[in-house]
Protein chains: 2
Amino acid sequence: MLQSQAQQTVEVSVGRVCTIAEYLLERLVQLNVTSIFGVPGDFNLAFLDYIESHSKLGWVGNCNELNAAYAADGYARVKEGSIGVVVTTFGQKNKLVLHHTFGDGRYDMYFKAAQQVVISHASLQDKATAAAEIDRVITDCVLMARPVYLVLPTDLVSAQIPAERLQTPLNTEPPQNDPETESVVLDEIVKLIEEAERGVIILVDACSIRRNVKDEVFEFAKKTRFPVYSTPMGKTAIPEDYELHGGIYAGVTSRPEVKAKVESAKLIISVGGLKTNFNTGNFTNKISPAQTVELHSDHTRIRLATYHGIGMKHLLPKLTERMQPFKEDVKAIDVPEFTLPVSQEDNDKISHLWLWPRLGQFFKKGDIIVAEAGTAYFGALEIPMPGGSVFMSQFLWCSIGWTVGSTLGAAIAARDMGLPRVILFVGDGSIQMTAQELSTMIRYGVKPIIFVLKNNGYTAERYLHDENAQYNDIATWQGFFLPPMGGTEGETCQSYTVRTKNELSQLLDNVEFAKAEKIQLVEPLMDTHDAPRVLKVLAALLKKAKLEE
Amino acid sequence: MLQSQAQQTVEVSVGRVCTIAEYLLERLVQLNVTSIFGVPGDFNLAFLDYIESHSKLGWVGNCNELNAAYAADGYARVKEGSIGVVVTTFGQKNKLVLHHTFGDGRYDMYFKAAQQVVISHASLQDKATAAAEIDRVITDCVLMARPVYLVLPTDLVSAQIPAERLQTPLNTEPPQNDPETESVVLDEIVKLIEEAERGVIILVDACSIRRNVKDEVFEFAKKTRFPVYSTPMGKTAIPEDYELHGGIYAGVTSRPEVKAKVESAKLIISVGGLKTNFNTGNFTNKISPAQTVELHSDHTRIRLATYHGIGMKHLLPKLTERMQPFKEDVKAIDVPEFTLPVSQEDNDKISHLWLWPRLGQFFKKGDIIVAEAGTAYFGALEIPMPGGSVFMSQFLWCSIGWTVGSTLGAAIAARDMGLPRVILFVGDGSIQMTAQELSTMIRYGVKPIIFVLKNNGYTAERYLHDENAQYNDIATWQGFFLPPMGGTEGETCQSYTVRTKNELSQLLDNVEFAKAEKIQLVEPLMDTHDAPRVLKVLAALLKKAKLEE
């Protein structure tokens with residue numbers, strides 16, 4: 001199943017016809033898709049036959065559709081430039097009262113529901129336009145980095161269409177910027193940078209990852225030697241062990257030294273900014289538009305002026321070219337050291353204060369680190385991660401349980417890419433949402449290390465509203481649930497309950513454990529009401545805001 | 001939490017105000033709702049506080065939202081006249097870029113997506129209309145027996161509104177029929193019945209259950225002594241041990257003697273008919289409209305003429321009144337005996353042929369029997385069930401995994417109603433969809449008996465398309481997954497693997513097992529390619545239809 005760009009020859013012959021299914025799959029292969037996720041269902045089986053018999057594609061059967069979607073998301077986040085694909089049932093052209101419908105003759109309800117969450121969609125009804133529609137929807141998916149939805153009716157799966165369009169790769173490059181406007185924009189930015197002298201910082205955010213400008217912004221940073229900070233959603237866009245990475249900025253939830261530096265900058269170059277409540281410390285970011293240049297995928301904002309159509313993918317390299325290389329001693333640059341020493345406490349209980357810096361010592365280059373929206377996320381946020389590691393979370397939508405499915409997808413992508421370790425942090429409430437996908441990990445032989453923070457329920461919710469409400473309690477699961485899901489304890493899987501700092505430290509120092517050669521599940525027992533620093537600050541903020549309402 | 005109609009006093013005082021949350025909950029209590037399902041989320045916590053502190057309502061925290069919806073569905077199906085309620089996040093009026101959104105300022109996407117599947121909906125934005133909107137939506141839910149969707153923004157949860165509307169119970173009776181039209185309809189039906197002499201049969205279908213006319217149709221049947229048959233979706237609408245119940249009719253998938261009787265009837269009184277593909281043996285029902293009277297919730301069809309607005313709830317009792325009581329010896333009536341003897345086989349493997357009749361001997365009056373769409377459903381269909389038992393399945397939408405969540409809800413409703421046993425049949429593929437809800441069963445102390453048919457994957461799909469396709473394989477789970485989910489084996493739960501007919505028979509005959517005093521999970525090992533008779537017939541039909549396309 002492994003393949004490089006070069007190997008991506010078109011399976012169907014030039015000048016010949018192919019089926020619509022083959023056309024679609026070939027387009028996915030051209031985007032370096034190697035695994036497709038989903039659940040078989042009566043009306044997609046004919047299409048699944050094409051996947052099962054495809055030499056370059058593997059089918060990953062999930063336990064349910066939600067988990068499949070999460071897995072595809074995780075796959076796409078690790079496999080940059082590729083996409084995640086989910087196949088579900090159902091689509092039919094004729095209007096019989098079939099199962100998998102409401103029996104009311106409506107066949108478009110899934111399509112209409114999906115339209116609420118996708119950037120582009122098509123329902124193939126005509127083989128004359130099918131290829132163009134497939135190309136349009138897939139191109140939008142890559143270009144906009146957003147979900148798309150394609151309905152392929154059973155009766156069109158094997159319909160024959162010309163194959164020659166497949167010879168032309170999809171153009172997934174963002175459009176070029178208008179040269180005249182771009183030139184003005186560059187002049188303006190260069191002027192502001194010069195005026196700010198060395199009081200410039202770079203703030204990388206979510207869309208620097210989504211819109212794939214991580215390399216471009218890092219080149220800009222290295223040439224200029226401007227200090228770099230990340231928002232929570234920009235975490236690991238720039239290697240966090242880069243000597244001029246100063247840490248994470250999110251308003252009043254930031255560490256004080258980071259907050260002071262960012263908010264006193266003369267000029268902020270914001271890359272791919274996304275101003276959500278959690279990403280900005282509940283909108284406490286003190287960044288004046290008058291001191292900010294915002295680079296986005298499809299526009300640029302310089303102080304108060306917006307330049308539509310000027311996207312960062314093409315702008316950034318030109319901006320870097322305009323910069324003078326910074327020659328002075330890097331040590332003279334005043335940037336906080338992004339580090340988090342392990343706290344000394346006078347007891348052996350596993351606290352958040354101790355846990356996260358200690359885990360920081362465990363991470364290695366190339367690790368994929370996944371953290372659930374909850375205490376796990378808020379804790380992982382503050383650990384500086386090694387260069388070449390990828391931090392994954394879903395912190396806008398905040399669907400808990402997302403990490404379990406996405407860890408499966410990430411692990412499958414990581415295996416393709418030769419990345420050895422995927423490490424998941426998830427709460428005991430969150431894992432219950434999607435736990436069955438552990439069995440899919442076992443089935444497909446991926447070997448993540450899974451930390452289940454065992455603290456008796458939805459601790460983040462307790463902080464955000466009422467610490468003692470019973471609805472934040474959960475069913476008590478009793479560890480060791482890999483064997484019932486198909487693992488053989490000690491052979492294909494290994495489960496650990498750790499009660500003390502010392503026990504966890506020993507485990508983290510165990511060379512065999514660190515090698516991640518089987519799927520491992522670790523349950524650190526933690527206090528119900530303990531939480532990482534950032535969550536505590538944020539919760540206090542939200543409570544204060546509520547009282548003032 | 002137990003209560004009768006009489007106890008349903010209004011908690012809020014006359015002439016006083018109440019919060020919108022209290023108003024809504026009071027309406028639910030008036031409909032005999034005692035448990036509410038869902039998952040806590042940041043934006044619903046304020047509302048959950050009202051549920052948690054309500055003296056007549058209990059909160060059931062599910063592992064995820066899908067499972068919660070299934071549980072509410074199961075609850076409603078058992079608790080007739082009541083409704084199932086799910087609370088999820090999210091709803092906000094102001095348009096900040098909050099988590100649980102896509103960050104694009106749209107707050108109505110869940111609402112719009114939900115509109116595809118609900119019969120009625122409201123988004124409360126104004127406290128002046130909130131009470132009327134709540135009443136409208138809940139009334140539609142009961143009256144139409146379909147899902148509804150209500151958005152309650154966080155900032156309106158505690159808004160004060162007048163409470164006096166609560167003194168007037170919601171009117172959930174179907175509207176009266178127009179007397180003149182109804183009179184014509186009755187005359188026409190009586191005439192056809194007389195003309196058919198004794199060649200009349202009654203065919204009960206899905207909507208006799210959904211629209212709550214089971215009692216009315218049974219009265220009609222008992223007075224006239226017309227033979228009764230059920231479609232698959234009408235199963236247990238009429239007690240299956242009723243001496244004139246002839247069995248299940250669904251076109252060519254019916255047993256031959258049933259098919260012959262139904263298709264040779266001079267007149268068919270069809271009650272609550274729903275002509276879906278599976279419910280009609282893939283549309284092979286040979287029932288001529290010229291020989292049929294169709295009774296529906298909102299119209300009546302007599303041969304080829306449709307009478308709009310004439311609904312069966314009020315029509316049926318009047319029709320029964322017009323009938324002459326049948327006085328002759330009931331034994332003279334020619335109706336097949338609805339029975340399924342246990343097959344003798346020359347081996348000890350647990351086959352579908354043997355399994356279902358054997359299970360039939362295990363069922364008792366008052367049992368709630370739940371069967372997953374798959375081999376479980378097709379097998380259970382043919383077993384005659386005891387009077388007073390309820391058969392539950394979801395055979396139009398066919399979402400596999402539905403039964404696990406709905407068994408939880410059914411069991412909670414059954415406990416309210418003093419019904420001792422809920423018995424679930426689910427495949428090993430289906431249970432993986434929603435398995436975590438077993439932990440909720442353990443947590444809330446309900447004690448269903450769960451049979452997991454262990455046959456290595458999606459056997460129904462194998463029959464419908466390709467027996468050996470790998471996408472129909474699943475992860476191998478290894479039984480005994482109640483203890484990891486919080487059960488204590490031998491105390492609060494008990495797991496069994498049964499390999500032979502003899503082992504299963506012994507278990508079924510075990511008095512302690514039959515008492516269902518703890519949650520019990522039984523895994524009968526079955527052949528991957530074995531299937532019940534009806535599935536085999538249906539699969540052959542579908543394959544033939546495909547070849548002829």
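Residues numbered from 1 in each chain as written. Chains lettered and ligands numbered in written order. Predicted model: local features only at pLDDT ≥ 70, side-chain atom pairs only at ≥ 80, totals over all residues. Heavy atoms only, no water.

Details of the packing of helix H1 (residues 20-30) of chain B against helix H5 (residues 127-144) of chain B
All names here are of chain B. Formally: Every axis in this analysis is a line fitted to C-alpha atoms, fitted for helices over the stretch in contact. Angles between the N-to-C directions lie between 0 and 180 degrees. Every helix listed is a DSSP run of H or I at least four residues long, and every strand listed is a run of E at least two residues long, numbered separately from the N terminus. Each angle gets one of four labels, with under 35 degrees taken as roughly parallel, over 145 as roughly antiparallel, 65 to 115 as roughly perpendicular, and the rest as oblique. Crossing handedness is read from the near helix: turned anticlockwise from the far helix by less than a right angle, it gives a left-handed crossing, and turned clockwise, a right-handed one. Whether two residues are in contact is decided by their heavy atoms: any pair within 4.5 Å suffices. Residues are grouped as follows: Ala, Val, Leu, Ile, Met, Phe, Trp, Tyr, Cys and Pro are nonpolar; Asp, Glu, Lys and Arg are charged; all remaining types, including Gly, are polar.
Two elements in contact, H1 and H5, have axes separated by 11 Å at closest approach and are oriented at 20°. When the axis of H1 is compared with that of H5, the two are roughly parallel. Here H1 runs over H5; the crossing is right-handed. Counted together, Ile-20, Tyr-23, Leu-24, Arg-27 and Leu-28 of H1 and Lys-127, Ala-130, Ala-131, Ile-134, Asp-135 and Ile-138 of H5 form the full contact between these two elements. Across the contact of H1 with H5, the residue classes break down as eight nonpolar, no polar and three charged.

Considering the pairing of strand S12 (residues 292-295) of chain A
All names here are of chain A. Here is the rule: Relative accessibility thresholds used throughout: buried, under 20% of the residue-type maximum; exposed, over 50%; partly exposed, between the two (1.4 Å probe, protein chains only). Between any two strands, pairing holds if DSSP finds at least two bridges.
Because side chains alternate across S12, one face comprises the buried residues Thr-292 and Glu-294, and the other comprises Val-293 and Leu-295, equally buried. Across four bridges, strand S11 (residues 267-271) lies against S12 in parallel orientation. Across the sheet, residue Val-271 finds its bridge partner in S12, namely Leu-295. Note: S12 against strand S13 (residues 299-302), three bridges, orientation antiparallel. When the bridges of S13 are listed, Leu-295 appears paired with Thr-300. The hairpin turn running from S12 into S13, its antiparallel successor, is three residues long.

Observations concerning empty space enclosed by the protein
All names here are of chain A. For clarity, the cut-off: Cavity: a set of points on a 1 Å grid over the protein atoms alone where a 1.4 Å probe fits but cannot get out. Pocket: an open set with protein on both sides within 12 Å along at least five of seven lines, its lining residues, like those of a cavity, having an atom within 4 Å of a point. Grid points are joined across faces, edges and corners, and a volume is the space filled by probe spheres set on the points. All the domain ranges listed were derived from an automatic or database domain assignment.
For the coordinates displayed, the defined rule picks out six cavities of 30 Å³ or more. Estimates place the volume of the largest cavity at around 110 Å³. Counting only elements with at least two residues in the lining of the largest cavity, the list comes to helix H12 (375-381) and helix H19 (533-548). For the lining of the largest cavity, the per-class residue count stands at ten nonpolar, three polar and three charged. Of the residues that make up the lining of the largest cavity, three or more belong to each of domain 2 (179-332) and domain 3 (352-542).

Re the sheet that holds strand S4 (residues 86-87) of chain B
Residues and elements named next belong to chain B. Strands sit in the order S3-S2-S4 across an open sheet of three strands; the sheet is parallel. The sheet is open, and its two edges are formed by strand S3 (58-61) and S4, each paired on a single side. Relative to S3, strand S2 (residues 35-38) runs parallel, the two sharing four bridges. Paired with Phe-37 across the bridge in S3 is Val-60.

Section: the sheet that holds strand S20 (residues 519-524) of chain A
Strand pairing within a sheet occurs via backbone hydrogen bonds; the two strands may be parallel or antiparallel. Residue and element names in this part refer to chain A. As summarised here, the arrangement of the six strands in space is S16-S15-S17-S18-S20-S19, forming an open sheet in which the pairing is parallel. The outermost strands of the open sheet, each flanked by one partner alone, are strand S16 (390-392) and strand S19 (493-498). For this sheet, the mean inter-axis angle between neighbouring strands, taken without regard to orientation, is 15°. Bridge count between strand S18 (residues 449-453) and S20: three bridges; the pairing is parallel. Each bridged residue has a counterpart across the sheet, and for Ile-450 the counterpart in S20 is Leu-521. Strand contacts of helix H17 (residues 501-509): S18, S19 and S20, with the helix running at about 150° to S19, the strand carrying the most contacts.

Thoughts on the domain arrangement of chain A
All names here are of chain A. The test is simple: Once two parts are brought into contact, the accessible area they lose, counted with a 1.4 Å probe and summed over both, makes up the buried area.
By the assigned domains, chain A splits into domain 1 (5-167), domain 2 (179-332) and domain 3 (352-542). Each of domain 1 and domain 2 has a C-alpha centre, and the two are 37 Å apart. Between domain 1 and domain 2, the contact holds five residues from the first and four residues from the second. The junction of domain 1 with domain 2 conceals about 400 Å² of combined surface from both sides, 32% of it contributed by carbon and sulfur atoms.

As for the nonpolar core
Keep this limit in mind: Here, nonpolar core refers to any group of buried Ala, Val, Leu, Ile, Met, Phe, Trp, Tyr and Cys residues whose side-chain atoms link them within 4.5 Å.
If you look at the biggest cluster of nonpolar residues, it comprises 79 residues, and the most contacted ones within it are Leu438(A), Ile450(A), Leu438(B) and Ile450(B). Setting aside residues up to four positions removed in sequence, Leu438(A) forms contacts with Val404(A), Ile431(A), Ile450(A), Phe481(A), Leu482(A), Met485(A), Ile519(A) and Leu521(A).

Thoughts on the packing of aromatic side chains
Stated formally: The criterion for an aromatic pair is that two Phe, Tyr or Trp rings (for Trp, the six-membered ring) have centres within 6.5 Å, with stacked assigned to planes under 30 degrees apart, edge-to-face to planes over 60 apart and tilted to the rest. Two conditions define a charge located above a ring, namely a distance within 6 Å from the ring centre to NZ of Lys or CZ of Arg, and an angle within 35 degrees of the ring normal.
The full count for this structure, using the stated rule, is 30 aromatic pairs over all chains. When the ring of Tyr377(A) is compared with that of Phe391(A), the centres are 6.0 Å apart and the planes differ by 35°; the resulting orientation is tilted. Taken together, the residues Tyr377(A) in helix H12 and Phe391(A) in strand S16 connect sequence positions 14 residues apart. Here the two residues Tyr377(A) and Phe391(A) agree in accessibility, since each one is buried. Residues Tyr377(B) and Phe378(B) carry aromatic rings whose centres are separated by 5.8 Å and whose planes lie at 85° to one another, so their mutual orientation is edge-to-face. Here the two residues Tyr377(B) and Phe378(B) agree in accessibility, since each one is buried. Members of the aromatic cluster, each reached through a chain of ring pairs, are Trp356(A), Phe362(A), Phe363(A), Phe425(A), Phe451(A), Tyr496(A) and Phe513(A). For Arg198(A), the ring lying beneath its charged end belongs to Phe326(A), and the centroid distance is 3.7 Å.

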